[in-house]
Amino acid sequence: MRTLNKKYSIKSVSILCASLLFIAVFYWPISYYTLLRVIVFISTLLVIISLRQKQYLWIIIFVFIAILFNPIIPIHLYVKAYWIPIDIISGILFLLVAFLKQPEKKIKNKVKKTTKTYSRDKIY
């Protein structure tokens, strides 16, 4: 149990984060939204790290989400109606990352094919 399977851990983090973002559509105390900022920010950083290097579009999208939900220098929109579509879109993006198949690296095994010839196979 030394290594944790990255695929399943990112999947569970993304599902948790998406569910918290969908729940954020309702009215909650301000402490919930502060906790939501911290969890979404950490989750976006984990997703960015787990994405492969060739998926630049996903990385840019999640950097934007990390900036929006940054708990250190928070962006305040002051109107809940502005945050509702942001929460829903961010939740959908987390679900897409969780359930879409990630492209896997192709491993090329160079195997030399040798043809064996036997003396009985020769045509004289």
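Look up: the structure comes first, before these words.
What you see is a predicted model, and the numbers here were worked out from it, not measured in a lab.

(A) View of the packing of aromatic side chains. Under the defined criterion, the tally for this structure stands at 5 aromatic pairs. Arranged with centres 5.5 Å apart and planes meeting at 55°, the rings of F69 and W83 form a pair that is tilted. In this pair, F69 sits in the loop between α3 (56-68) and α4 (80-99) while W83 sits in helix α4, placing the two residues 14 residues apart along the sequence. Residue classification places F69 among the buried residues on the basis of a relative accessible area of 2%. Three or more aromatic residues joined by ring pairs make a cluster, and in this case those are W28, Y32 and Y33. For the cation-ring pair, K80 lies above Y27, with the distance from its terminal atom to the ring centre recorded as 5.6 Å.

(B) Structural detail: the environment of L16. Here L16 is to be found in helix α1 (residues 6-23). Relative accessible area serves as the criterion here: at 47%, L16 is assigned to the partly exposed category. Taking C-alpha positions, L16 is 9.4 Å from L95, a pair spaced 79 residues apart along the chain.

(C) Representation of a nonpolar patch on the surface within the structure. Together, I88, I92, L96 and L100 line one region of the surface with nonpolar side chains, adding up to about 310 Å² of accessible area. Within the element layout of this structure, I92 appears in helix α4. For I92, a relative accessible area of 43% gives the class partly exposed.

Parameters at a glance
- Residues numbered from 1 in each chain as written.
- Predicted model: local features only at pLDDT ≥ 70, side-chain atom pairs only at ≥ 80, totals over all residues.
- Heavy atoms only, no water.
- Phe/Tyr/Trp six-rings, centres within 6.5 Å; stacked < 30°, edge-to-face > 60°.
- Helix = DSSP H or I, 4+ residues; strand = E, 2+ residues; numbered from the N terminus.
- Buried < 20%, exposed > 50% of the residue type's maximum accessible area, 1.4 Å probe, protein only.
- Lys NZ or Arg CZ within 6 Å of the ring centre and 35° of its normal.
- Patch = residues over 30% accessible without salt bridge, like charges linked within 9 Å, V, L, I, M, F, W, Y side chains within 5 Å.
- Areas by Shrake-Rupley, 256 points an atom, 1.4 Å probe, with all protein chains shown as cover.
- Salt bridge = Lys/Arg side-chain N within 4 Å of Asp/Glu carboxyl O.

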